[in-house]
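Below are the chains, spelled out letter by letter.
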Amino acid sequence: MADEVVRHNVANGSVTERWYDGARDDLVLLAPHGGSIEPSTAAQVKAIATGTGLPAWTCTGHSQTDTSAFTRFHVTSADISPNEYPLLAHAYELSPARAVSFHGMSNDGIKVGGRAQTAVKQHVCAALQEALPSSVMIESVPWGPYCGITRANIVNEVTASGESGIQIEQSRTVRDNHGETVSQTVVTALDELRVAVS
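Values in this document were obtained by computation on a predicted structure and should not be read as measured data.

Asks: Tell me what's going on with the overall build of the protein chain, and back it up with residues and numbers.
Replies: Along the backbone of the protein chain there are 6 helices and 8 strands. A globule of 198 residues ought to have a C-alpha radius of gyration of about 16 Å, and the protein chain, at 15 Å, matches this closely. Each principal axis of the C-alpha distribution contributes one length, and for the protein chain these read about 45 × 35 × 30 Å. Expressed as a percentage of its 198 residues, the buried residues of the protein chain come to 48%. Within the protein chain, contacts between residues separated by at least 24 positions form 77% of all contacts whose residues are at least 6 apart in sequence. When the accessible area of the protein chain is evaluated, it comes to approximately 9100 Å², of which 47% is carbon and sulfur surface. Across the protein chain, the 13 positively charged side chains and the 21 negatively charged ones have centroids separated by 2 Å.

Here it is, written out as structure tokens:
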């Protein structure tokens, strides 16, 4: 269960933040566009957070009108801050070595971005390629609309260095059919790197 919940007042819809407190401070999980904004992403994070004890922040949005939740409630990751989302402050306070954000995209497959080192992103890609069917296209993206490399992107900004965020963009098919496998594989891959340098 979430340790803290904040429900924001919005007309004809709902936006809800959840903070899952964890026993570790080296890795934080994020799902800034959960609910009906980018479906299944918050569920991915909740499953891993509750199963592993990792700290996590999710934000979900649902629309009660004909206007889609994405159109109404999608805020770019570079524009999200604790000023508007107070529970996100917990992630900043932890100042983790790494952070991972899970997102949805209209493209096929999975794109791995963020400001983390190229070798780290390649390790995550290799782990995903081993865990998922060969039909799922997986690539590391150093630039483009899904690269997640801006310093203001929360997945980068919450990390101690500001340079260690990993952004996971996934198609709807991947989220629906392999969501928990993706999130578990990403966390396991990062834990392998943590053990290797410890």
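Okay, back to it.
Asks: Summarise the sheet that holds strand 4 (residues 56–63); cite the residues concerned and give the values.
Replies: Strands belonging to one sheet form pairs held by backbone hydrogen bonds; the direction of such a pair is parallel or antiparallel. Strands sit in the order 1-2-4-3-5-8-6-7 across an open sheet of 8 strands; the sheet is mixed. Edge strands, defined here as strands with exactly one partner in the open sheet, are strand 1 (4–8) and strand 7 (138–140). Put simply, the sheet's adjacent strands are angled 15 degrees from each other on average, direction ignored. Relative to strand 7, strand 6 (residues 110–113) runs parallel, the two being bridged by 3 bridges. When the sheet's bridge partners are listed, Lys-111 is paired in strand 7 with Glu-139.

Asks: If you had to explain helix 1 (residues 41–52) to someone new, which residues and values would you point to?
Replies: Taking 1.5 Å as the rise per residue, helix 1 with 12 residues should run 16 Å; its terminal C-alpha atoms sit 17 Å apart, in good agreement. Taken together, the buried positions of helix 1 are Thr-41, Ala-42, Gln-44, Val-45, Ile-48 and Ala-49. Seen end-on, helix 1 carries its buried residues on one side only, within an arc spanning 155 degrees. With its phi angle positive at about 80 degrees, Gly-53 sits one or two positions after the end of helix 1.

Asks: Would you mind going over the nonpolar core in detail, with residue names and values included?
Replies: Counting residues in each nonpolar core, the largest one holds 31 residues, and the members touching the most others are Leu-29, Val-100, Ile-110, Leu-128, Ile-168, Val-182 and Val-186. At the level of elements, strand 3 (27–35), helix 1, strand 5 (98–104), strand 6, helix 4 (118–131), strand 8 (165–170) and helix 6 (172–197) are the ones that each hand at least two residues to this core. Residue contributions to this core peak at 6 residues, all from helix 6. Contacts of Leu-29, omitting those with residues within four sequence positions, involve Val-45, Ile-48, Ala-49, Leu-54, Pro-55, Ala-56, Trp-57, Val-100, Phe-102 and Val-187.

Asks: Quick rundown of the pairing of strand 4? Include the residues and the values.
Replies: Burial analysis of strand 4 places 6 of its 8 residues in the buried class, the great majority of the element. Bridge analysis of strand 2 (residues 13–20) against strand 4 gives 8 bridges, and the strand direction is antiparallel. Each residue of the ladder has a partner; that of Glu-17, found in strand 4, is Cys-59. Taken together, the 5 bridges between strand 3 and strand 4 define a ladder with parallel strand orientation. Each residue of the ladder has a partner; that of Leu-29, found in strand 4, is Ala-56.

Thresholds, definitions, all that
- Residues numbered from 1 in each chain as written.
- Predicted model: local features only at pLDDT ≥ 70, side-chain atom pairs only at ≥ 80, totals over all residues.
- Heavy atoms only, no water.
- Helix = DSSP H or I, 4+ residues; strand = E, 2+ residues; numbered from the N terminus.
- Rg over C-alpha atoms; globule rule 2.2 N^0.38 Å.
- Buried < 20%, exposed > 50% of the residue type's maximum accessible area, 1.4 Å probe, protein only.
- Contact = heavy atoms within 4.5 Å.
- Areas by Shrake-Rupley, 256 points an atom, 1.4 Å probe, with all protein chains shown as cover.
- Lys, Arg positive; Asp, Glu negative; His and termini not counted.
- Charge placed at Lys NZ, Arg CZ, Asp CG, Glu CD.
- Pairing = 2+ DSSP bridges.
- Axes fitted to C-alpha atoms, helices over the stretch in contact; angles between N-to-C directions.
- Expected span 1.5 Å × (residues − 1).
- Arc of directions from axis to C-beta.
- Core = buried A, V, L, I, M, F, W, Y, C linked by side-chain atoms within 4.5 Å.

Functional significance is not addressed by these values, which are geometric in nature.
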